[in-house]
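# Overview (structure and organization)
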Amino acid sequence: MSNKVTDQIDDILKKISTITRKMNWPDLPVDLKPPIGDFALVCFPAAKILKQSPLDIATKIALEIKDIKKIISAEPEKGYCNVVINWNDITIDVINEINNDSYAKTNGKIEKILIEHTSANPTGPFHMGRARNPIIGDSIARLLQYYGHNVETEYYVNDTGRQAATLAFGLSNYETKNKGKVDHELVEAYRNASKLLEEEIDVKEQIYRKMEEIEGGNTKVLKEVKESAKRMLQGMKVSLKRLGAEANNYYHESDLIANGKVEEVIKNLKKCGICKEENGAYYLDLEKENIAGRNQKFFFTRKNGLSLYTTRDIAYHLHKFKRYDKALNVLGEDHRLQSKLLGIALRELDSKEPIGLFYSFVNLPGGKMSTRAGRVVYLDDIMEMIVELAKKKLDETDLNKETKNDLAENIGIGSLRYNILKVQAEKGFTFNIEDALNLQGDSAPFAMYSHARAAAILRNYGKDIPRMKLNEKLSDSEIKLLRTLSKWPDTIQRAVTNLSIHYIPNYTHELASNFNQFYRDCPVVGNNNESLRINLVSASKKILNISLGILGVKAPDRM
RNA sequence: GGGCCUGUAGCCUAGCCUGGAAGGGCGUCUGGCUUCUAACCAGAAGAUCCAGGGUUCGAAUCCCUGCAGGCCCGCCA
């Protein structure tokens, strides 16, 4: 809560405590998130001790405390005493606090954090199945950045291993036709190569030889796979850019082999106490850890001595911690075990461990997405559809064409992001196109619209934000709005602590909704309380803008 | 077989960490634009919070046992 509000409530609670003590009553537990008012005194536990009904206790305590100056009302209901604090006294201070740049930001240590997200294999266009990854990753980055940390994002490019070798093989003889988006064009070459890999023995041999050359550190082949991946990535980056979720850095897995980091890791892992060998292949014996209900052998070399994906991942993370204080990985739920094993290996090497943020896959209404069964929905197609829909809705407005196109883009992409971010990451998610295309209710345009309304009021007012003066008592809508605004720091705090981005859209919707109610009830320009209301509008607009910004949604001044 | 995640109105979802009065949204029905933007607002109907047991004055929330769905258990990535 805003400090001012917390102080006010603490003060009142102290006074209440004095009163109950005088009456020889036990302290009444406080509920700070009551359905009505600012806090509630819970009267059930005292009922037994005092041998009175909870309602009687609530009624009595309400009478005792309602003359406290900082309280507007204290009403008994069921076994609760609901208290509304006097917002009139503190509103100017609260609004000033909200307008301060440090509002809701950390006063703790600023950390240098790397967020790895997306990291999809560069073998073709993004599909919706993993669309949560860039969106959640990007918004978590924006959240931590806003909170005050020093954040960068990175995409780990998987350009070694069979898929990478297959792609390189496919692209080696492929002539670019420059038709359409790069990744959508090149994926054909990859698909053909994959097919040949299955059907033709000599192709299989070539691709597997390439794999071995990659892992063995053949410079020429390493360069080839890296370039192939980059070529595909060119197209994929366009999608991320449109989503507003492009990473700051792209780190290529092949570089870890090329620069000898992988070899170093193998050498050091072999020195670990729990390292064992089997037919020439080395592994960490995790018998004591009892992972996933069984004894795990965590292999880090093949029997030919070459590295595995996990080995490279260890090397990558050691490198991360050379550059950053903290590493955060946004990963699909299928990586949970892998991530745990990685952590153990890093601990063995006396390294820090990354923090994992896991999300469940996006499914289609009919079931799982599958490339083979042709049940794939491309992210690009969804973005296009939703932007087109937004465009159609804007047809009726009299904005000029360029503004309209920009706005449709913001509304469309914003809706998509909002839709995905508002659901808890661990929850399975069925992508319902109808739902995503519904731009009403708990959605990005709802909050964008509130922001535009706030901007319209300020436009109509036409002057600089004035100094505040309270000429009239606050109305219920104003108090409700202030209450929500003062909850912003808590929301940020909870989202940061739990790395739960869905708190932000939840809050945004509540704020926008309360702003709309205020808009209905409280004329601003020309009102007796104009100066205060202008400031309230400005503060609401600010927090709406910030919260939408964290979600990667641009807040328009008109729509 | 084992491990992890999830289960809240017709549908989607918040609340679970830290027990206290079940919040939103979609869809359905009703009403509201001569007043700062109706992508909005107001109202109505709709919930054995997966099931059973335990702890507690009090359980959607904590504990136990089941059930259902997702994911994982490779010298693949």
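Since this is a predicted model, take the numbers as computed values, not measurements. (Residues numbered from 1 in each chain as written. Chains lettered and ligands numbered in written order. Predicted model: local features only at pLDDT ≥ 70, side-chain atom pairs only at ≥ 80, totals over all residues. Heavy atoms only, no water.)

### As for the overall build of chain A
Applicable threshold: Secondary structure elements are taken from DSSP: a helix is a run of H or I of four residues or more, a strand is a run of E of two residues or more, and numbering for both begins at the N terminus. To sort residues, take the accessible area from a 1.4 Å probe on protein chains only and compare it with the maximum for the residue type: under 20% means buried, over 50% means exposed, and anything in between is partly exposed. By definition in these notes, contact holds between two residues if any of their heavy atoms fall within 4.5 Å. The Shrake-Rupley method, run with a 1.4 Å probe, gives the accessible areas here. Residue values count only the displayed protein chains as cover. In summary, the charge assignment counts Lys and Arg as positive and Asp and Glu as negative, without counting His or the chain termini. Where a charge lies is defined by one atom per residue type: Lys uses NZ, Arg uses CZ, Asp uses CG and Glu uses CD.
In terms of helices and strands, chain A carries 21 helices and 14 strands. If you line up chain A on its principal axes, its C-alpha atoms span 90 × 65 × 40 Å. The buried share of chain A, taken over its 559 residues, is 52%. Looking at chain A alone, contacts between residues at least 24 apart form 74% of all its contacts between residues at least 6 apart. Of the accessible surface of chain A, which amounts to about 26,900 Å², a share of 46% is contributed by carbon and sulfur atoms. Of the charged side chains in chain A, 82 are positive and 75 negative; the average position of the first set lies 2 Å away from that of the second.

### Section: the protein's contact with RNA strand B
Spelled out, the test is: The nearness test applies per residue and asks whether one of its heavy atoms lies within 4 Å of the molecule or strand. Any pair of nitrogen or oxygen atoms within 3.5 Å is treated as a polar contact; in protein, a donor-acceptor pairing is required on top of that, and neighbouring residues in sequence qualify only through side-chain atoms on both sides.
In the vicinity of RNA strand B there are 69 residues, among which R302, K303, K427, Y449 and N460 approach most closely. Restricting the count to atoms of RNA strand B within 4 Å of the protein gives a sugar and phosphate share of 67%. Taking Y80, its side chain carries an N or O atom lying 3.0 Å from a sugar or linking oxygen of RNA strand B. Between Y449 and RNA strand B, the recorded distance is 2.3 Å, taken from a side-chain N or O atom to a sugar or linking oxygen. Mapped by element, the contributors of at least two residues to the surface near RNA strand B are β2 (39-42), α2 (44-50), β4 (80-85), α12 (309-323), α13 (336-348), α17 (444-461) and α20 (503-521).

### A few points about the sheet that holds strand β7 (residues 249-252)
For clarity, the threshold we go by: For two strands to pair, DSSP has to find at least two bridges joining them. For helices, the axis comes from a line fit to the C-alpha atoms of the stretch in contact; other axes are also lines fit to C-alpha atoms, and the angle between any two N-to-C directions lies between 0 and 180 degrees.
If you trace the five strands from one edge of the open sheet to the other, you get β7-β6-β5-β11-β12, paired in parallel fashion. Looking at the sheet topology across the chains shown, the edges are occupied by β7 and β12 (355-359). The average angle at which neighbouring strand axes cross in this sheet is 25 degrees, direction not considered. The pairing of strand β11 (residues 326-332) with β12 spans five bridges and is classified as parallel.

### Structural notes on empty space enclosed by the protein
Using the following cut-off: For each structure, a 1 Å grid was placed over the protein atoms alone; sets of points admitting a 1.4 Å probe that cannot get out are labelled cavities, open sets with protein on both sides within 12 Å along at least five of seven lines are labelled pockets, and lining residues have an atom within 4 Å of a point. Grid points are joined across faces, edges and corners, and a volume is the space filled by probe spheres set on the points.
One pass over the structure, following the stated rule, counts one cavity of 30 Å³ or more. Lining the largest cavity, in full, are P122, T123, N158, D159, Q163, A164, L167, V225 and A229. Within the residue set of the lining of the largest cavity, elements represented by two or more residues are α6 (161-172) and α9 (219-243). When residues in the lining of the largest cavity are grouped by element, the largest group, three residues, is from α6.

### A short note on unusual backbone geometry
Phi is mostly negative for residues that are not glycine, and the peptide bonds are mostly trans. Although it is not a glycine, K51 sits at a positive phi angle of roughly 55 degrees. By secondary structure assignment, the location of K51 is in the loop between α2 and α3 (54-65). We note that L499 has phi near 50 degrees; this positive angle belongs to a residue other than glycine. Of note, L499 is situated in the loop between α19 (488-498) and α20.

### Considering the domain arrangement of chain A
Note the threshold: Reported domain spans reflect what an automatic or database domain assignment gives. Counted as salt bridges are all cases of a side-chain nitrogen of Lys or Arg within 4 Å of a carboxyl oxygen of Asp or Glu. We call Asp, Glu, Lys and Arg charged. Ala, Val, Leu, Ile, Met, Phe, Trp, Tyr, Cys and Pro are nonpolar, and the rest, Gly among them, are polar.
The domains assigned to chain A are domain 1 (3-85), domain 2 (117-363) and domain 3 (379-550). Of note, the centres of domain 2 and domain 3, computed from C-alpha atoms alone, are 38 Å apart. Tallying the contact residues gives 32 residues for domain 2 and 32 residues for domain 3. On the surface where domain 2 and domain 3 come into contact, there are four salt bridges. The shortest N-O distance in the salt bridge between E384 and R242 comes to 2.8 Å. Applying the counting rule to domain 2 against domain 3 returns 21 residue pairs in polar contact (both at pLDDT 80 or more). For the side of domain 2 that touches domain 3, the element with the highest residue contribution is helix α5 (residues 132-147), accounting for 11 residues. Split into classes, the residues belonging to the side of domain 2 that touches domain 3 amount to 19 nonpolar, seven polar and six charged.

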